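Listed below are the residues making up each chain.
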Amino acid sequence: MKSAPVSADPGPVVWHRYAVTPAHRERLLGQRGCVIWFTGLSGSGKSTLAGALEHCLVAQGNLAFVLDGDNVRHGLSRGLGFSTEDRAEHIRRVAHAAALLADCGVIVLAAFIAPLRRMREAAREIIGPSRYLEVHVATPITVCEARDPKGLYGKARKGRIGDLTGLGAPYEPPERPDLRVDTARGEAVDHLDALVGLLRSCGVLEPPGE
Ligand SMILES: Nc1ncnc2c1ncn2[C@@H]1O[C@H](COP(=O)(O)OP(=O)(O)O)[C@@H](O)[C@H]1O
Ligand SMILES: [Mg+2]
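Residues numbered from 1 in each chain as written. Chains lettered and ligands numbered in written order. Predicted model: local features only at pLDDT ≥ 70, side-chain atom pairs only at ≥ 80, totals over all residues. Heavy atoms only, no water.

1. Concerning the nonpolar core
Okay, step 1: Grouped together as the largest cluster of nonpolar side chains are 26 residues, with contacts concentrated most on I36, F38, L53, I107, L109, V135 and L199.
Okay, step 2: For this core, the secondary-structure elements that each account for two or more residues are β1 (34-40), α2 (46-59), β2 (64-68), β3 (107-111), β4 (132-137), β5 (179-181) and α8 (192-201).
Okay, step 3: Residues in contact with L53, not counting those within four places in the same chain, are I36, F38, L109, L192, L195 and V196.
Okay, step 4: A95, A99, V106 and V108 belong to the second-largest nonpolar core, a separate cluster that totals 21 residues. (Core = buried A, V, L, I, M, F, W, Y, C linked by side-chain atoms within 4.5 Å. Buried < 20%, exposed > 50% of the residue type's maximum accessible area, 1.4 Å probe, protein only. Helix = DSSP H or I, 4+ residues; strand = E, 2+ residues; numbered from the N terminus. Contact = heavy atoms within 4.5 Å.)

Printed below as a string of structure tokens:
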């Protein structure tokens, strides 16, 4: 699978090509670097599913890593808010981080709302379409709100958050995700077979050919 694309306007900067390629590292790891992008509303189960899949993959000997929206906002995206512009910049940054990890051969589990289609399309382009897989965590908003793991829906209903995705800010569901998961029923582990099956069907759990 290919390296991440370079930025559109690198200025007086020339891309340095190294002898060791992503394919070398993939053979070392016996897997292919890729990104599963979990998109869905707050409380839909993105982080929980990504964490369960990470645990499962690492237990079976695959190198996986969760990139989590809330965690990344503590560092790489610190200072960015929840305006459409800031959300787009947040997604641009994390897509580049995910692409670098995929270049390392890692199976990246990206748990980000990425509410607008154009944000996810930008991420797909940065990461490379051949190694970007989209999972729509399509849990109904009524279920997300009843869970309210971070208390965000409660705050939004009291008018203390105006731009919560699905209430004060839009969410555009993916039209053709690689997989759709509704976590309203069952536990996160109940969805692991489908998620691992998706990775298997894309050849991610095998090393690239010589
Ligand atoms: N089948 C399921 N899959 C994932 N999460 C579930 C499921 N059933 C209940 N939950 C709960 O829903 C909540 C989802 O929260 P979280 O994963 O933080 O969502 P998000 O990252 O999408 O904001 C957690 O409290 C989790 O325990
Ligand atoms: Mg989360």
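2. Quick notes on the site of ligand 1
Okay, step 1: Taken together, 15 residues lie near ligand 1, and G43, K46, S47, T48 and G186 sit nearest.
Okay, step 2: In the model, an oxygen atom of ligand 1 is placed 3.5 Å from a nitrogen or oxygen of the L41 main chain.
Okay, step 3: One of the side-chain nitrogen or oxygen atoms of R147 is found 3.3 Å away from an oxygen atom of ligand 1.
Okay, step 4: Here ligand 1, which alone exposes 570 Å², has 77% of that area covered by the protein. (Near = heavy atom within 4 Å. Polar contact = N/O pair within 3.5 Å; in protein donor to acceptor, adjacent residues only side chain to side chain. Areas by Shrake-Rupley, 256 points an atom, 1.4 Å probe, with all protein chains shown as cover.)

3. Section: the sheet that holds β2
Okay, step 1: Ordered in space as β2-β3-β1-β4-β5, the five strands form an open sheet in which the pairing is parallel. In the strand order of this sheet, the two ends are held by β2 and β5, each with one partner. Direction aside, neighbouring strands of the sheet carry axes that sit 20° apart on average.
Okay, step 2: The pairing of β4 with β5 spans three bridges and is classified as parallel. Each residue of the ladder has a partner; that of V135, found in β5, is L179. (Pairing = 2+ DSSP bridges. Axes fitted to C-alpha atoms, helices over the stretch in contact; angles between N-to-C directions.)

All quantities given are derived from atomic positions and should not be read as evidence of function.
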